[in-house]
Amino acid sequence: MTNETVSPQLGAIAREDEHVAHNYHPLPVVVESGEGAWVTDIEGRRYLDCLAAYSAVNFGHSHPELVRAATEQLGRITLTSRAFHNDQLGPFVEALARLAGKDMVLPMNTGAEAVESGIKVARAWGYRVKGVAPDRANIIVADGNFHGRTITIVSFSDDADARADFGPFTPGFRSVPYGDAAALEAAIDENTVAVLLEPIQGEAGILVPPSDYLPAVREITERHRVLFIADEIQSGLGRTGATFQCDNAGVVPDLYLLGKALGGGIVPVSAVVGNRDVLGVLQPGQHGSTFGGNPLAAAVGSAVVGMLATGEYQARARMLGERLHASLRRLVGQGVVGLRGVGLWAGIDIDPTLATGRTVCEMLLARGVLAKDTHGATIRLAPPIVVSEEDLDWAVQQLADVLAELRG
Ligand SMILES: *Cc1c(COP(=O)(O)O)cnc(C)c1O
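What you are looking at is a predicted structure, and each value in this text was computed from that prediction instead of being measured.

On to the nonpolar core. Residues L96, L184, L197, L262, L328 and I348 are the most contacted members of the largest nonpolar core, which totals 87 residues. With nine residues, helix α12 (residues 295-309) is the largest single contributor of residues to this core. Taken together, domain 1 (3-62 + 312-407) and domain 2 (76-309) each give at least three residues to this core, which thus spans both. Contact partners of I348, with chain neighbours within four places excluded, come to L328, V336, G338, L339, A377, T378, I379, L381 and L399. Counting 29 residues, the second largest nonpolar core, distinct from the first, contains V132, F156, I233 and L257.

Neighbouring the ligand are the residues T110, G111, A112, F146, H147, G148, E198, D231, I233, Q234 and K260. D231 is positioned such that a nitrogen or oxygen atom in its side chain is 2.7 Å from a nitrogen atom of the ligand. Within the side chain of Q234, an N or O atom sits 2.7 Å from an oxygen atom of the ligand. Its free accessible area being 380 Å², the ligand has 81% of it covered by the protein chains. Of the residues belonging to the shell around the ligand, the class tally is three nonpolar, five polar and three charged.

Next up on the list: the environment of L27. Structurally, L27 is set in the loop between α1 (8-19) and β1 (31-35). Distance in space between the C-alpha atoms of L27 and P64 is 28 Å, their sequence separation being 37 residues. Leaving out residues up to four positions away in the same chain, L27 has contacts with R358, C361, E362, L365 and A371.

A word on the domain arrangement of the protein chain. When the domains of the protein chain are assigned, the result is domain 1 (3-62 + 312-407) and domain 2 (76-309). Each partner contributes to the interface: domain 1 provides 27 residues, whereas domain 2 provides 27 residues. On the domain 1 side of the contact with domain 2, F59, Q314 and W345 bury the most area, a combined 34% of that side's loss. Notably, a salt bridge pairs R380 with E203, separated by 2.9 Å at the nearest N-O pair. Taken together, the connections running from domain 1 to domain 2 amount to 15 residue pairs in polar contact (both at pLDDT 80 or more). The element contributing the most residues to the side of domain 1 that touches domain 2 is helix α13 (residues 312-329), with four residues.

Here Q245 lies in helix α10 (residues 245-249). Excluding its chain neighbours within four sequence positions, the residues that come into contact with Q245 are P199, I200, E232, S235, T240 and V342.

Under the definition given, this model contains zero disulfides. There is no disulfide at C361, and the cysteine sulfur nearest it, in C50, is 10 Å away.

Time to look at α12. Taking 1.5 Å per residue, 15 residues should reach 21 Å; α12 reaches 20 Å between its end C-alpha atoms and fits that length. Among the 15 residues in α12, twelve count as buried, and that is most of the element. Looking at α12, one finds that the buried residues are P295, L296, A297, A298, A299, V300, G301, A303, V304, V305, M307 and L308. Elements that come into contact with the buried residues of α12 comprise α3 (64-74), α4 (89-100) and α13. Regarding α12, its N-cap is N294, as a side-chain oxygen of that residue lies 3.1 Å from the backbone nitrogen of L296 further along. One or two positions beyond α12, positive phi appears at G311, with a value near 80°.

Next up on the list: unusual backbone geometry. A cis amide bond links G167 to the next residue, P168, at an omega of 0°. Positionally, P168 belongs in the loop between α7 (160-163) and β6 (173-176). One non-glycine residue, S62, lies in positive phi territory at about 50°. Summarising the element assignment, S62 is placed in the loop between α2 (52-55) and α3. At D135, a residue that is not glycine, the phi angle is positive and equals roughly 65°. Position of D135 relative to the elements: it lies in the loop between α5 (111-130) and β5 (138-142). Exposure remark for D135: the relative accessible area of 72% places this residue in the exposed category.

This paragraph deals with the sheet that holds strand β7 (residues 192-197). Strand order in the open sheet made by the seven strands is β4-β10-β9-β8-β7-β5-β6, with mixed pairing throughout. Only two strands of the sheet have a single partner each, and these edge strands are β4 (104-108) and β6. Strand-to-strand twist in this sheet, taken as the mean axis angle between neighbours without regard to direction, amounts to 20°. Sheet topology places strand β9 (residues 255-258) next to strand β10 (residues 270-274); four bridges connect them, and they run antiparallel. In the sheet register, L257 faces β10, and the bridge partner there is V272. Of the strands in this sheet, β4, β9 and β10 touch α4, which is tilted by about 120° from β4.

Further remarks concern the packing of aromatic side chains. Within this structure, the stated rule accounts for five aromatic pairs. A centroid spacing of 4.4 Å and a plane angle of 35° characterise the contact between F156 and F173, whose relative ring orientation is tilted. Placement of the pair is F156 in the loop between α6 (151-155) and α7 and F173 in strand β6, with a sequence separation of 17 residues. With respect to burial, F156 and F173 carry one shared label: buried.

Turning next to the packing of α13 against helix α15 (residues 389-407). For the pair α13 and α15, interaxial distance at closest approach is 10 Å and the crossing angle is 25°. Between α13 and α15, the crossing angle belongs to the class labelled roughly parallel. Handedness of the α13/α15 crossing: right-handed. Together, R316, M319, L320, R323, L324, S327 and L328 of α13 and E389, L392, D393, V396 and L399 of α15 make up the contact between the two elements. Grouping the amino acids of the contact of α13 with α15 by side-chain chemistry returns seven nonpolar, one polar and four charged.

Procedures and definitions
What you see as residue numbers is a count from 1 along each chain, following the sequence as written. Reporting of local features is limited, given that this is a predicted model, to residues whose pLDDT is at least 70; pairs of side-chain atoms are given and counted only at 80 or more, and all residues count toward the totals for whole chains, interfaces and linings. The side-chain values count all of the structure's non-hydrogen atoms but skip hydrogen atoms and water molecules. Joining through side-chain atoms within 4.5 Å is the link that ties buried Ala, Val, Leu, Ile, Met, Phe, Trp, Tyr and Cys residues into a set, and such a set is a nonpolar core. The classification of residues rests on relative accessible area computed with a 1.4 Å probe and restricted to protein chains. Under 20% of the type maximum is buried, over 50% is exposed, and intermediate values are partly exposed. Helical segments are the DSSP runs of H or I of at least four residues, strand segments are the runs of E of at least two, and each set is numbered from the N terminus. As used throughout, domain bounds are those supplied by an automatic or database domain assignment. In what follows, residue pairs with any heavy atoms lying within 4.5 Å of each other are defined as contacts. Any residue with a heavy atom positioned within 4 Å of a molecule or strand is treated as near that molecule or strand. Polar contacts, as used here, are pairs of N or O atoms within 3.5 Å; protein pairs need one atom able to donate a hydrogen and one able to accept it. Residues neighboring in sequence count only if both atoms are side-chain atoms. Only the protein chains shown count as cover for residues, and all accessible areas are computed by the Shrake-Rupley method using a 1.4 Å probe. Residues are grouped as follows: Ala, Val, Leu, Ile, Met, Phe, Trp, Tyr, Cys and Pro are nonpolar; Asp, Glu, Lys and Arg are charged; all remaining types, including Gly, are polar. Simply put, the buried area is the total loss of 1.4 Å probe accessible area from both parts when two parts are fitted together. Throughout this description, the term salt bridge denotes a Lys or Arg side-chain nitrogen within 4 Å of a carboxyl oxygen of Asp or Glu. The disulfide definition used here is simple: a pair of cysteine sulfur atoms within 2.5 Å. What a helix should span is 1.5 Å times the count of its residues minus one. A pair of strands is treated as paired once DSSP finds two or more bridges between them. Between N-to-C directions, angles cover 0 to 180 degrees, with each direction set by a line fitted to C-alpha atoms, over the stretch in contact for helices. Stacked, edge-to-face and tilted labels apply to pairs of Phe, Tyr and Trp rings (six-membered ring for Trp) whose centres lie within 6.5 Å, assigned for plane angles under 30 degrees, over 60, and everything in between, in that order. Our angle categories are set so that under 35 degrees counts as roughly parallel, over 145 as roughly antiparallel, 65 to 115 as roughly perpendicular, and the remainder as oblique. Rotating anticlockwise by less than a right angle from the far helix to the near helix defines a left-handed crossing, while the corresponding clockwise rotation defines a right-handed one.

Following this line, the structure appears as structure tokens:
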């Protein structure tokens, strides 16, 4: 069969499959355009995007303010490298530092780079400030973590697929059960430089720790003079109804790791944000990135920070989140066996005897809802914060209908 005889959609998928590395297993939809919470495929069908590119599209597709910032900067200059200064970086780092209540920003591109950079900064701080013996630093992480895909990051993952055949791994990490502050404290020794955690474990299935966990981690890390690094790459920048999930928990970490929505879904922009006593350890030549802090990224990042500075998106995520969780709670016992989340972010465990998460996502796709499964029978819903109340209700109704269909 040639591509001409199959549907445009299947032809496009076959074409991609032939030459792209198979490191993903996408749902069978080929998206062509998007606006707000909706995307359109190459055959003109519309879908409500309830994944929002893993929260990189928190502000919706083609947000006019972000598109304007990007387009204006495209016409000026996009890349200088940091061998020279550019006029966009200063305003961006100033605004981001102010938003986070910190002194300094280390701009990078992808989330994994922010994590790697945070690890480097923590180790250098350990040797140069805390006085840890050379090459002895350790960092404590949590079981079930997801921090990205580099060798060092998968070195402390416990996901077999993420690690298999990628060794040898980077030493210097200890993993303890997530949500257990006593286990975390017991793992700290004189060479511990940092604790690295997701305030909510996103990829693990939107796991929200007990409410006293992050405050306890803050207290323990302060007492032992260990840095608290919060990976807010997915939980931060509005999704949970606050600028950072740490705000909801009432804690201030030493370093924030940011990414995803920081680039407004337009360009990859990530950052490590902290105070001078920690980020100030980096000296010229000790770390860098050709694209980090480029003027296009900085212009878009500034627009994102400007939108978050109003508090409008955080308030909207909180309001819509209450609505989402209230309507999802009605599905518990109707095919839903577990429900977690904060703000406009939900992890929904489907009764595994009914269907896999993948099957549920395929059935949602057929009804015009884009969602993604994780870990077998968990579905996550994280639509753009600009989604309307009616569209959000409609998406939950589609899930209810799918579950009713599966239950017969
Ligand atoms: C997505 C994610 C990362 C990695 O970001 P990339 O841009 O894919 O490298 C790191 N940490 C968390 C919590 C994430 O959700």
